[in-house]
Amino acid sequence: MVTKKIRKSLKGYYTPFHAEAFGSIAGMVADKSDTLRNNLKVEPYLNDGGNE
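Residues numbered from 1 in each chain as written. Predicted model: local features only at pLDDT ≥ 70, side-chain atom pairs only at ≥ 80, totals over all residues. Heavy atoms only, no water.

**So, the sheet that holds strand S1 (residues 2–4)**
Where strands meet in a sheet, backbone hydrogen bonds hold them as pairs that are either parallel or antiparallel. With antiparallel pairing, three strands are arranged side by side in an open sheet as S2-S1-S3. The strands lining the two open edges of the sheet, one partner per strand, are strand S2 (9–10) and strand S3 (39–42). For S1 and S3, the ladder comprises three bridges, and the chain directions are antiparallel. Across the sheet, residue Val 2 finds its bridge partner in S3, namely Val 42. (Pairing = 2+ DSSP bridges. Helix = DSSP H or I, 4+ residues; strand = E, 2+ residues; numbered from the N terminus.)

Below, the structure written as structure tokens:
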């Protein structure tokens, strides 16, 4: 689940990765698009029996 700043949560399939494989973590953070900057948190989706 990805929760946006507008408090909307989105279910999806996302691939985690080790940022170090792509160079400087600080550089990656500086290059984030506005879409990524609007993410508040990312967490595993746990099926709660249909109560979304």
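**Remarks on the pattern of salt bridges**
Scanning the model with the defined rule gives one salt bridge in all. A salt bridge links Lys 41 to Glu 43; its shortest N-O distance comes to 3.6 Å. Judged by relative accessible area, Lys 41 falls into the partly exposed class, the value being 42%. (Salt bridge = Lys/Arg side-chain N within 4 Å of Asp/Glu carboxyl O. Buried < 20%, exposed > 50% of the residue type's maximum accessible area, 1.4 Å probe, protein only.)

**Side note on the side chain of Lys 4**
Tracing the chain through its elements places Lys 4 in strand S1. We note that Lys 4 is buried and unpaired, the nearest opposite charge coming from Asp 34 at a distance of 11 Å. Excluding residues that lie within four positions of it along the chain, Lys 4 makes contacts with Leu 10, Thr 35, Asn 38, Asn 39 and Leu 40. (Lys, Arg positive; Asp, Glu negative; His and termini not counted. Contact = heavy atoms within 4.5 Å.)

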